[in-house]
Structure formats: C-alpha cells, structure tokens
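Coordinate inspection notes
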Amino acid sequence: MNKILIFLSALLCGAVLCTGCDQDKLDDTSVIIDSFLPQNEFDEWLADNYLNKYNINFQYRFKFVESDMDYHLTPAEYAQSIMMARLTQHLILEAYDEVTGSTEFIRNYFPKFVHLIGSPAYNENNSVTLGVAEGGKKMTLYEVNSLRSRFENQDLITLNERYFKTMHHEFGHILHQTKPYTSDFNAITAAAYVGDACFQTYGSDKSARQDGFVTRYSSKSPDEDFVENLSLYVTVTAEEWDAILEQGGQTGRLLIQQKIDIVRRYMTDTWNIDIDQLRKEVLRRQNEIWTLDFNIN
C-alpha cells in the first residue's frame, strides 16, 4: 500500500511540473504493458469445459498473489495440470451433474477459482495441507506434481486421500458455509474435539474411530468432522465403510453412524442430493479413470 501511494504521489508531482512547460508534451504511448500470455490448447479446453460450462476459472499457471506465502511453493507442471483438470471434471463435476440432473448445482456452488500448486504445503507440526477452500470462492489444490506417478501406480487410495476426497472435503465446507447443518451434529462428540492436536492425539485413523471420529483429522472440529464424514463416505465402497465402522468398536461405530445419518439428512433435505447415489456415481467413475483420454486436442 505504501509503495502505491508513493508511486501515485510521484505521478502527481510530474503532472504539476509538466503543466508549467508549454513546449513539453506527454507521450501518447501507455507505460502499462499487457502481460497476457497467448492462449494454448489447454487454455482453450479449459474455457470450453470449465469457464463456459461452469463459470469456473481453473488456474494452472502459478499466481503468486493467490498463493499462501507461509509456504515455499512451486508451480504445477503443464502435463500434470491437464491430468488434474480432466480427473476433476470426471470424478467431481460430472458426478454431481449426474445426480442433480444438470450443471446448475456445480455452476452455482462450486468455487469459481481453482488454483493448482505443484508442491506440497508443509506445516510446522509436520502435517501437510492437501487443499484449502476460502470463502466459497476459491479452492487451492497442492502436490499436483506427484499426480502422474500415483496415477501410473493405480494407487486409488492415495489419489483419493491426496486429491479427490480432498476436493469433496473442501466442497463440503462450501456447502455447509452456504447453508449450515443442524446443531445436533456438534453435540454427538462435543467435548472430544482436540483442535490442532488431532494428529498428536491419535496415532492412526483406527484409534480415532474408537472415539467416534471417522479420521484423525475429523477430531479437529465439528466442521472438519462433518466434511470428513461426507467426503470419505462418497469415495469408499459400502464394504470399506463397514470396515471403518467395525474399527470403531461398539462405541465408536454408534457415534460415527449417528454422524453420517445427519450428513445424509442434511444433503437430502438441504440440497436434494442422495449421498448413496452420489457415492454410486463416484465409484463408477473411479473405475473408469484408468482408461480416460488425457489428450485435449
């Protein structure tokens, strides 16, 4: 802000001096140079499949002003950004299109700005930030430059954990920030949330499930708990979900079941979305990703 004020003051002084010199004329050439890069095939594809269709600006070029300056970050690689855009379209956007019957739900509620970062975002407590949703307008996704290797290994568990479950998680935040869930969810394990100590309190997801938390991270706060239940439920099979409940034991299983029942009612009553149908669609699309065409020509 100070630099801008100084710059403006200098311009004003220059303008005053010039008015006193009848023979001096201002140059008609603008000192402001456009920095727009020429559009490539990927930009054109994004315009058709994201901007025009959903009003989403999918930004793969590194934007310093949009990045978190608390981290040392690197740009997302071009080829891996194409993979991420295509997989996000297939697994997230089109899955919601299918269960809602149109593109309007995503168009209205999905973040308008998606920013890809190539590197991980490491925190001081040795955790890694996988994604961030900000004010319902912006979603940042990290570690894009590891996408190809995980995809080639067909490591669906890690792909979900690092990327696609994360996107459902962040989108879940936007949904409940837009229309809050009922307070009875908070009361189920009200005294057991541990804040930023969630990874120190629980050594594994299994131990957290015995206290009614579907993952370690869900023990951070009610909001994180809510979206962890939603995002995990729609990205695992019914058998895998039953195994999660089994790890909770008699007490944890009951608590997790109460929570997912509230999540189910919330999504049905508030958004007219059946999470079982959404899970069926997501799982079907997960099985198709290995044969997706990543050629955008």
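Attention in this report is confined to the structure presented alongside it. Being a predicted model, the structure only gives us computed values, none of them experimental.

A few words now on the overall build of the chain. Tallying secondary structure elements over the chain gives 13 helices and six strands in all. Relative to its full complement of 297 residues, the chain shows a buried share of 45%. Sequence separation of 24 or more characterises 73% of the internal contacts of the chain that already satisfy a separation of 6 or more.

A regular strand places its side chains on the two faces of the sheet in alternate fashion. Burial along strand 2 (residues 113–116) is two-sided: Phe113 and His115 facing one way and Val114 and Leu116 facing the other are all buried. Where strand 1 (residues 57–59) lies against strand 2, three bridges are found, and the strand directions are parallel. Paired with Gln59 across the strands is His115, a residue of strand 2.

Here we take up the pairing of strand 6 (residues 138–141). Both faces of strand 6 are covered, namely the face carrying Lys138 and Thr140 and the face carrying Met139 and Leu141. Relative to strand 6, strand 2 runs parallel, the two sharing four bridges. The residue bridging His115 from the neighbouring strand is Thr140, located in strand 6.

Our next topic: the environment of Gln210. Topologically, Gln210 is positioned in the loop between helix 9 (205–209) and helix 10 (222–233). Sequence separation between Gln210 and Arg253 is 43 residues, and the spatial gap between their C-alpha atoms is 7.3 Å.

Rules behind the numbers
Residues numbered from 1 in each chain as written. Predicted model: local features only at pLDDT ≥ 70, side-chain atom pairs only at ≥ 80, totals over all residues. Heavy atoms only, no water. Helix = DSSP H or I, 4+ residues; strand = E, 2+ residues; numbered from the N terminus. Buried < 20%, exposed > 50% of the residue type's maximum accessible area, 1.4 Å probe, protein only. Contact = heavy atoms within 4.5 Å. Pairing = 2+ DSSP bridges.

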